[in-house]
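Listed here are the chains, written in short residue letters.
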Number of protein chains: 2
Amino acid sequence: MRRGFPIRVQPSILKRMMTSRAKTLTLDTINPHAVNVEYAVRGEMPIQAAKYEQELEEGKGKLPFDSIVWANIGNPQQLPNLAQPPLTFWRQVAALTEYPALLDAPKETRDALFPTDAQERARELLGAFGSVGAYTTSKGVALVRKHVAEFLERRDGYPEDIENIYLSAGASQGILTLFQVFFRSGEDGVLIPIPQYPLYTAALALYNLEPIHYTLNPSEHWEPSMKDVHAQVVAAREKGIKPRAIIVINPGNPTGACMSKEQIHEVIREAYREKLVIFADEVYQKNIYQSEYPFISFRKALLDMGKSSNEEDRLISETVELISLHSISKGMSGECGRRGGYFQLTNIDPDVEAQVNKLVSVSLCPPAQGQIGVDMLVNPPREGEPSYDLWHEQTTSIHDTLQRRSEKMAEKFSKLPGVEIMPSMGAMYLFPQLHLSKAAWEHAKSLGKKIDELYCRELLDATGICVVPGSGFGREPELQDDGTSFSYFRTTVLAKATDEFIDRYGKFHLDFIKRYQDRS
Amino acid sequence: MRRGFPIRVQPSILKRMMTSRAKTLTLDTINPHAVNVEYAVRGEMPIQAAKYEQELEEGKGKLPFDSIVWANIGNPQQLPNLAQPPLTFWRQVAALTEYPALLDAPKETRDALFPTDAQERARELLGAFGSVGAYTTSKGVALVRKHVAEFLERRDGYPEDIENIYLSAGASQGILTLFQVFFRSGEDGVLIPIPQYPLYTAALALYNLEPIHYTLNPSEHWEPSMKDVHAQVVAAREKGIKPRAIIVINPGNPTGACMSKEQIHEVIREAYREKLVIFADEVYQKNIYQSEYPFISFRKALLDMGKSSNEEDRLISETVELISLHSISKGMSGECGRRGGYFQLTNIDPDVEAQVNKLVSVSLCPPAQGQIGVDMLVNPPREGEPSYDLWHEQTTSIHDTLQRRSEKMAEKFSKLPGVEIMPSMGAMYLFPQLHLSKAAWEHAKSLGKKIDELYCRELLDATGICVVPGSGFGREPELQDDGTSFSYFRTTVLAKATDEFIDRYGKFHLDFIKRYQDRS
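Residues numbered from 1 in each chain as written. Chains lettered and ligands numbered in written order. Predicted model: local features only at pLDDT ≥ 70, side-chain atom pairs only at ≥ 80, totals over all residues. Heavy atoms only, no water.

(A) Representation of empty space enclosed by the protein. Applying the stated criterion to the full structure yields 11 cavities of 30 Å³ or more. Every residue lining the largest cavity is counted, 42 residues in all, and those nearest its centre are Q173, T177 and S363 of chain A together with Q173 and S363 of chain B. Of all the secondary structure elements, the ones that give two or more residues to the lining of the largest cavity are strand 2 (165–168), helix 8 (170–182) and helix 14 (350–362) of chain A together with strand 2 (165–168), helix 8 (170–182) and helix 14 (350–362) of chain B. The leading source of residues in the lining of the largest cavity is helix 8 of chain A, at 7 residues. Class assignment for the residues of the lining of the largest cavity results in 25 nonpolar, 15 polar and 2 charged. Reported here for the second largest cavity is a volume of approximately 240 Å³. Lining the second largest cavity are 20 residues, with S185, L206 and Y207 of chain A together with L206 and Y207 of chain B sitting closest to its centre. Secondary structure elements with two or more residues in the lining of the second largest cavity: helix 8 of chain A together with helix 8 of chain B. (1 Å grid on protein atoms, 1.4 Å probe; cavity = no way out; pocket = protein on both sides within 12 Å on 5 of 7 lines; lining within 4 Å. Points joined across faces, edges and corners; volume = space filled by probe spheres on them. Helix = DSSP H or I, 4+ residues; strand = E, 2+ residues; numbered from the N terminus. Nonpolar A, V, L, I, M, F, W, Y, C, P; charged D, E, K, R; others polar.)

(B) Spatial organisation of the packing of aromatic side chains. Residues and elements named next belong to chain B. Summed over all chains, the structure comprises 46 aromatic pairs over all chains. Consider the rings of W222 and F431, whose centres lie 5.5 Å apart with planes at 65 degrees: the pair is edge-to-face. You can see W222 sitting in the loop between strand 4 (210–217) and strand 5 (223–224) and its partner F431 sitting in the loop between strand 11 (429–430) and strand 12 (433–436), a full 209 residues away along the chain. On the accessibility criterion, W222 (5% relative accessible area) is buried. For F431, a relative accessible area of 4% corresponds to the buried category. Here the aromatic rings of Y455 and F512 are separated by 4.9 Å at their centres, their planes lie at 70 degrees, and the arrangement is edge-to-face. With Y455 in helix 18 (residues 451–463) and F512 in helix 19 (residues 498–515), the pair connects residues that are 57 residues apart, well separated along the chain. Given the relative accessible area of 0%, Y455 is considered buried. (Phe/Tyr/Trp six-rings, centres within 6.5 Å; stacked < 30°, edge-to-face > 60°. Buried < 20%, exposed > 50% of the residue type's maximum accessible area, 1.4 Å probe, protein only.)

(C) Expanded view of the packing of helix 16 (residues 388–415) of chain A against helix 19 (residues 498–515) of chain A. Residues and elements named next belong to chain A. One way to put it is that helix 16 packs onto helix 19 with a least axis distance of 10 Å and a crossing angle of 20 degrees. Put simply, helix 16 runs roughly parallel to helix 19. Relative to helix 19, the crossing made by helix 16 is right-handed. Of the residues in helix 19, those touching helix 16 at R405, K408, M409, K412 and F413 are T498, D499, F501, I502 and Y505. Its residues assigned to classes, the contact of helix 16 with helix 19 shows 5 nonpolar, 1 polar and 4 charged. (Axes fitted to C-alpha atoms, helices over the stretch in contact; angles between N-to-C directions. Parallel < 35°, antiparallel > 145°, perpendicular 65-115°, else oblique. Left-handed = near helix turned anticlockwise from the far one by under 90°. Contact = heavy atoms within 4.5 Å.)

(D) Spatial organisation of the interface of chain B and chain A. Listed per partner, the contact involves 116 residues of chain B and 116 residues of chain A. Between chain B and chain A, roughly 9900 Å² of surface is buried when both sides are summed, and carbon and sulfur atoms account for 59% of that area. Here chain B and chain A share 2 salt bridges between them. Note that R338 of chain B is salt-bridged to E98 of chain A, the shortest N-O span being 2.9 Å. Taken together, chain B and chain A are joined by 46 residue pairs in polar contact (both at pLDDT 80 or more). Along the lines of polarity and charge, the residues of the side of chain B that touches chain A split into 55 nonpolar, 33 polar and 28 charged. (Buried area = accessible area lost by both parts, 1.4 Å probe. Salt bridge = Lys/Arg side-chain N within 4 Å of Asp/Glu carboxyl O. Polar contact = N/O pair within 3.5 Å; in protein donor to acceptor, adjacent residues only side chain to side chain.)

(E) Focus on the sheet that holds strand 5 of chain B. Residues and elements named next belong to chain B. In space, the 8 strands of this open sheet follow the order 2-9-8-7-6-3-4-5, with mixed pairing throughout. Only two strands of the sheet have a single partner each, and these edge strands are strand 2 and strand 5. Bridge count between strand 3 (residues 188–194) and strand 4: 6 bridges; the pairing is parallel. Within strand 4, the residue paired with G189 across the bridge is E210. Here helix 8 sits on the sheet in contact with strand 2, strand 3, strand 6 (242–249), strand 7 (277–281), strand 8 (322–327) and strand 9 (341–346), set at roughly 155 degrees to strand 8. Running over the sheet, helix 11 (residues 261–274) touches strand 5, strand 6 and strand 7 and is turned about 150 degrees from strand 7. (Pairing = 2+ DSSP bridges.)

(F) Examining the UniProt feature "domain: Aminotransferase class I/classII large" (unreviewed entry) in chain A more closely. Residues annotated by UniProt as "domain: Aminotransferase class I/classII large" (unreviewed entry) correspond here to residues 116–503 of chain A. What you have in residues 116–503 of chain A is 45% helix and 18% strand, and the ends, taken at the C-alpha atoms, are 46 Å apart. (UniProt positions renumbered as here; feature names shortened; annotations may be inferred.)

(G) Here's a closer look at the relation of the copies chain B and chain A. Between chain B and chain A, the superposition needs a rotation of 180 degrees and an axial shift of 0.0 Å, giving an RMSD of 0.0 Å. The superposition of one copy onto the other is thereby described by a two-fold rotation axis. When C-alpha distances to the rotation axis are compared across chain B, the minimum falls at A95 of chain B, with a value of 2.0 Å. (Least-squares fit on C-alpha atoms with pLDDT ≥ 70 in both.)

(H) Spotlight on the environment of E44 of chain B. Mapping E44 of chain B onto the fold places it in helix 3 (residues 44–58). With near-sequence residues (within four places) excluded, E44 of chain B lies in contact with K449 and R457 of chain B.

(I) Spotlight on helix 18 (residues 451–463) of chain A. Residues and elements named next belong to chain A. Between the first and last C-alpha of helix 18 there are 18 Å, a value that for 13 residues agrees with the 18 Å anticipated at 1.5 Å per step. Helix 18 sits mainly inside the fold: 10 of its 13 residues count as buried. Every buried residue of helix 18 is accounted for by I451, D452, L454, Y455, C456, R457, E458, L459, L460 and T463. (Expected span 1.5 Å × (residues − 1).)

This is the structure we're talking about:
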């Protein structure tokens, strides 16, 4: 079966062959769309921070700080500065489903370790899953989807068909799958807010889809301007791009802004007029910090239009295609590591739904413990049940802590020279605006860096605080006529030692301002 | 902000608008490559079987069977016919990592529930993960990757750099990610065996890559023919396709064949000559049933060539790009629901590796319990440790049961008229060949079905046994000159009631033969 390859070759020729033979896979020969992907929240800053952390662990090098503060990513259970301890009920149920023999331990033993409602929940879930080691249906276990449907009905006041609900390995996985099913490479465009969560630009780049940016306005509480949305749709069409969907992140990431019902209706009407599918990324729906800005779901807003006396609204309610996404990684659970979430489809063509169903089956099924997490999320202990008090205390405490940290950090930021900030309404981030000098801009330029990249890198180098430049979220620095600039960065509000964080940060900022003072 | 949409429209006009307004997402407007995807193991047969199962549960309809036998997918822990109980050590460690408070229970209590080595392992993993609710690095926790590297060294005799190891949400996720990073839509081709695991054709269709089929020959123990591989590469090039990689499934799915070292070296040499990257899908490496056909990894075979006295072999060993995949879903663990696995890169360009690292970060991280599963897989209890005896007993029993079932089923199949079968060397499937009548072919044709689809559907309708037609694996039925045909189906060997399974099946088969007897 060997076909004419010379077994005996002169070593010198072999050597030449070896050096001249390029790899099959090189940057020039792999998928160029993959090469084009950028993903800042796991980009330069965290990579450098990880290097510093390793240096600190190995005790080598002389760094001006003794720990890394990971404020680059919403990872609430991350150590050492664990911001959110896991919810006890969740973990009890998870442990029992992992090792059901615990349910057969003597009653005294198991009741000492697990409240009876956690045992009951585990039994119910095991009844539905069989074993957490088995594949489930690709959409996820029907019982959990039923609980999601009930949750949606309690939240919005409208029942839901469990067949419209897909469990997923986190909201990100849902978005990646749906983009892949719905959109045509090299043809379609998707409207994304600027600033945005970088998953969206990463997914669009990977699938060779056109990002159509619409601006969130910092001077208007980071609200989207419908005028701008419309202008962008028109401009995209003129360029031959087919706008097909609009992404809305509510509460906002990185902005923390919460949309009013009126704003949501504006988006829905624009989507109707322009035939855009709406993706409502609502993973921060429980991270709400100002009672005057409550969370309102796109689903509720859309279905409410069906009760309108206005016929057009009723028509819109039955027409506009909506994908609503939720996750166990945020909120009060912060269970990122399990990879759980769901997406729910409204007004989607059944033939298209069948394609989604087929495509999720290629990845077999979402992780069992992610699915169980979704069950905990949508069906928490209720008043009167043994686990309720502890669950309530833990979730309230986590919520209040995040709210307090967010307020405290925003307040302290706002007192620093050259920093402006909108107090956070929701999510787990702050997105302060920096007004920096001409000297700083020029120094950044001389290094081939953006001003926000310079600032964040110097912050990391000086303090060990790892945040992400605003340009990583698509919000580019703006050079002013006088040579100064406005730019942004995103920080989580998860860091435990808030006071220390703000002190370290504040000192750095004042020093930065001083070092790059413009001479006038 | 409203722009000229007529608020008040005649109801009749609105009605017309409503009916004429197509959905934004329809089969004609979504990604055509997604529409083209086929995925038989979760296709027609299991969908119909699920309907029957629901009818049985609801007690309605009159079906000629009282349970579904799920033999369509390698899902060892699936109930009701749970073929593989979970390994106790795995589940104990998983439970402890989910609910670490158990480690703080009084020593007497916890020692009664958990062997000390399970407690130690959980503590070690918690040290590395922090919390299983936190995101890990996108490649997976370093400690687990270190254990994978040690496993590879024990298995193959060569050390491995942990940076070449990526944990993944099962082998499928790894393949989907790597195809996406490596190959260029509309340009590149990938060699896949026929018959093959349908994930490969699904991934290729989705990413608009060209499948290049090479044949596994049933009359030669399902060995690949290198002549055919080469001919297919040449033919593909002539059609303007760029062949870039070859997929090898060893032990084979659906064939169960195990490759010899000589065969593996043939593949490696061909890959070298034709500049193909090798994907070695080795998820069944522990499912080996015949001692004369042991599992040999591609990695070992490739690295062994580096010790050859032949300079060409040494060159090949340092050149050929290899991806080796493994999973916790198969083997003796069968932990499909956790979604865990890894892929390991050999001879991959560091710049390309960096792209892989970037792309996996878009999905954030593999599920924590999937990663913990990989740790159990590669680092099981050792002799002398408290959990060893039970672990050894359980894994041996599972292995022997699968082997026995596989042998028994193959033997019984082979005695049926018109059935030919190769005794399984490995994996968890049998792939019998059917020789069916002209009458059966013509009946299938009259229904617009393939002969194997007709056969499998009638099997399901008559017995509740759910298997997958060979054409779902790319092995199409072959019409003979006399009007009879050869075709295939795949069944798992997981069904618990093997005797009952084979009885139900055997009766059906004889009846099928009789019903479609050719009149001569």
